[in-house]
Amino acid sequence: MPGKHYDFLIIGGGLACASAAKELVGLGHGGGIGVLAEEKEAPYDRPPLSKEYLLGEFERDWLFLLNGDFCREHGIDLQLGIAAAAVDTGAHQVTAADGSRFSYGKLLIASGCHLRLLTVPGSDLPGLYYLRTLAESEAIREAALHAGQAVVIGGGFIGLEAASVLSQIGLDVKVVHRGDRLFEKFASDEISAFFEELYASKGVHSIYEDEVVNLGGKSRLEMVATRAGRTLPCDIAVAGIGVWPDTGYLEGSGLRLDNGVVVNEFLEAGAPDVYAAGDIANFMDVVYGRQRRIEHWDNAIRQGRRAAANMAGGRGEFRNVSYFYSTVFGLTFDFLGDMNGFDDVVPLGSFENKSATVLYLREGVLRAAFLLGRSPQERSTVAEMIAAKQPLKEVEARLAS
Ligand SMILES: Cc1cc2nc3c(=O)[nH]c(=O)nc-3n(C[C@H](O)[C@H](O)[C@H](O)COP(=O)(O)OP(=O)(O)OC[C@H]3O[C@@H](n4cnc5c(N)ncnc54)[C@H](O)[C@@H]3O)c2cc1C
């Protein structure tokens, strides 16, 4: 039996989904939009979950991206708690985990990423938390309010944001990093030194070149043991060890799956009427001429919008200088572009004054930039210069003016 039909069906009720649905409504296509969302919550924004919301400075209502009234008014059928289990691109059909079926005119795959989980002994002890969903953020906050010591496992963005908030809540925080310095991904001594000093000044203890091998405790977490032989007593631990694009439910769909769903510059997934956007999309980045997958907020919003416009009959390429931001201890920093293959790093400004830019170049041409305490206008200027492949001299001259 063919199930309910939608002109536009979206799998995954997250950021890319919300952005696509709003764009479809804006383009006059309300009324025929269906969303299959594994989570029971309506689509919500994730960045505050490891920042203001975790800190208790952000209202729950502000997180939601598509509210019930908007969906009712514009004919968006939010099917919450329904996971897509299989896609038949030939028949234009999606089967959900509960066996129900849906047919589509156009399909957007926006199912994001799944958490990497710790597998070391003791990983099932209560007191170990992950941070991807609203429920997980709320559980961490609740536990943190009754805890004294925390260990953060993993020094990536989520781990370092969580460490900053837990420390601001008043916990004694230790972070276990595999790397040898903070934010080593930025490959800049200036950036790492700045954040190392910041975290140390706030009392966060960073442990480098080590990893967690065991979690211990009688009935709940009491300590974390590391490969180098450290025993770190704690009441809670938060693991931020990355995410991965789960395309298991798309096996056999005929779509190309390789580190996500492979799409071209139009976000088309290679089967008629199928598109992908957001964390799951391994897309052709025309700014750099290479396939990339990006796990960031701005990318999900813009790709959702572009995919929707293309589903609605357009065929515009997705062209964007990638961008992300993070906030730790009240300081926001931005990163623009793709530093892959850089051969030169040029710091400008003053980290001491919390106003600095770090440029990443390849063969003398600007590819990416890190910005701390710089204006939104400078951010736009840098994005323009990356897109225009500007040489260092012109970049320095323009940033100085
Ligand atoms: C705590 C946290 C803080 C962040 N902070 C920042 C930040 O400061 N800056 C930044 O640039 N980025 C940040 N990000 C990243 C950003 O939020 C993501 O890149 C963005 O949410 C990706 O959007 P998406 O729609 O692709 O995926 P998601 O928002 O993850 O949504 C995907 C949804 O699909 C659902 N789903 C999965 N499989 C299925 C299925 N088979 N059927 C139906 N539904 C399914 C999932 O349950 C999920 O709800 C943060 C992420 C987290 C978790």
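Just so it is clear, the structure is predicted and the values come from calculations on it, not from any experiment. (Residues numbered from 1 in each chain as written. Predicted model: local features only at pLDDT ≥ 70, side-chain atom pairs only at ≥ 80, totals over all residues. Heavy atoms only, no water.)

J.: When you look at the pairing of strand β1 (residues 4-11) in this model, what are you seeing that I'm missing?
T.: The side chains of a regular strand alternate, first on one face of the sheet and then on the other. Relative to strand β6 (residues 101-109), β1 runs parallel, the two being bridged by seven bridges. Opposite I10, over in β6, you have L108 as the bridge partner. Bridging between β1 and strand β2 (residues 33-37) involves four bridges; their strand directions are parallel. Bridge pairing in β2 links F8 to I33. (Pairing = 2+ DSSP bridges. Helix = DSSP H or I, 4+ residues; strand = E, 2+ residues; numbered from the N terminus.)

J.: Explain unusual backbone geometry here, please?
T.: Residues apart from glycine generally show negative phi values, whereas peptide bonds are mostly found in trans. A positive phi angle, near 70 degrees, is found at D273, a position not held by glycine. Summarising the element assignment, D273 is placed in the loop between β17 (261-262) and β18 (274-276). Residue classification places D273 among the partly exposed positions, given a relative accessible area of 26%. In this structure, E363 takes a positive phi of about 45 degrees despite not being glycine. For E363, a relative accessible area of 69% translates into the label exposed. (Buried < 20%, exposed > 50% of the residue type's maximum accessible area, 1.4 Å probe, protein only.)

J.: Sorry, what's going on with the nonpolar core here?
T.: Soluble, globular proteins show a tendency: their nonpolar side chains are buried together. Counting residues in each nonpolar core, the largest one holds 54 residues, and the members touching the most others are I10, V94, L107, L108 and I109. With eight residues, the single largest contributor to this core is helix α1 (residues 15-26). In this structure, L55, A143, A162 and F324 belong to the second largest nonpolar core, which totals 48 residues. (Core = buried A, V, L, I, M, F, W, Y, C linked by side-chain atoms within 4.5 Å.)

J.: What should I look at first to understand the sheet that holds strand β14 (residues 231-233) in this one?
T.: The strands that make up a sheet are held in pairs by hydrogen bonds between backbone atoms, and each pair lies either parallel or antiparallel. If you trace the three strands from one edge of the open sheet to the other, you get β12-β13-β14, paired in antiparallel fashion. Strands at the two margins of the open sheet, each flanked by one partner only, are β12 (212-216) and β14. With direction set aside, neighbouring strand axes in the sheet form an average angle of 20 degrees. Summarising the sheet, strand β13 (residues 223-226) and β14 pair through three bridges and their orientation is antiparallel. Paired with M223 across the strands is P233, a residue of β14. (Axes fitted to C-alpha atoms, helices over the stretch in contact; angles between N-to-C directions.)

J.: Explain the domain arrangement of the protein chain here, please?
T.: Partitioning the protein chain into domains gives domain 1 (4-113 + 245-311), domain 2 (115-239) and domain 3 (330-400). Here the C-alpha centroids of domain 1 and domain 2 sit 31 Å apart. Each side of the interface is counted separately: domain 1 has 16 residues, and domain 2 has 15 residues. With both chains or domains summed, domain 1 and domain 2 bury close to 1,400 Å², and 60% of this area falls on carbon and sulfur atoms. In terms of surface lost to domain 2, no three residues of domain 1 exceed S50, L54 and L55, which account for 42% of the buried area on that side. Along the contact surface separating domain 1 from domain 2 lie three salt bridges. Linking R132 and D279 is a salt bridge whose minimum nitrogen-to-oxygen distance equals 3.1 Å. On the surface where domain 1 and domain 2 come into contact, there are ten residue pairs in polar contact (both at pLDDT 80 or more). In terms of residue class, the side of domain 1 that touches domain 2 is made up of eight nonpolar, two polar and six charged. (Domains from an automatic or database assignment. Contact = heavy atoms within 4.5 Å. Buried area = accessible area lost by both parts, 1.4 Å probe. Salt bridge = Lys/Arg side-chain N within 4 Å of Asp/Glu carboxyl O. Polar contact = N/O pair within 3.5 Å; in protein donor to acceptor, adjacent residues only side chain to side chain. Nonpolar A, V, L, I, M, F, W, Y, C, P; charged D, E, K, R; others polar.)

J.: What is the right way to read the sheet that holds strand β22 (residues 331-337) from this model?
T.: Judged by pairing direction, the sheet is antiparallel, and its five strands sit side by side in the order β21-β22-β25-β24-β23 without closing on themselves. Each edge of the open sheet carries a strand with a single partner, namely β21 (323-328) and β23 (344-350). Strand-to-strand, the axes of this sheet are offset by a mean angle of 15 degrees, without reference to chain direction. As paired strands, β21 and β22 are joined by six bridges and run antiparallel to one another. From the neighbouring strand, S326 faces β22, where its bridge partner is F333. The strands that helix α5 (residues 157-169) touches are β21 and β22; relative to β21, the one it contacts most, it runs at about 25 degrees.

J.: How should I be thinking about the site of the ligand in this particular structure?
T.: For the ligand, the set of nearby residues contains 34 residues, the closest of which are A16, E39, K51, D279 and Y325. Between the ligand and A84, the relevant distance is 2.9 Å, taken from a nitrogen atom to a main-chain nitrogen or oxygen of the residue. E295 has a polar backbone atom sitting 3.5 Å from an oxygen atom of the ligand. Starting from 1,000 Å² of accessible surface for the ligand in isolation, the protein chains cover 95%. Here the residues of the shell around the ligand sort into 17 nonpolar, nine polar and eight charged. Among the domains, domain 1 (4-113 + 245-311) and domain 2 (115-239) are the pair contributing at least three residues each to the shell around the ligand. (Near = heavy atom within 4 Å. Areas by Shrake-Rupley, 256 points an atom, 1.4 Å probe, with all protein chains shown as cover.)

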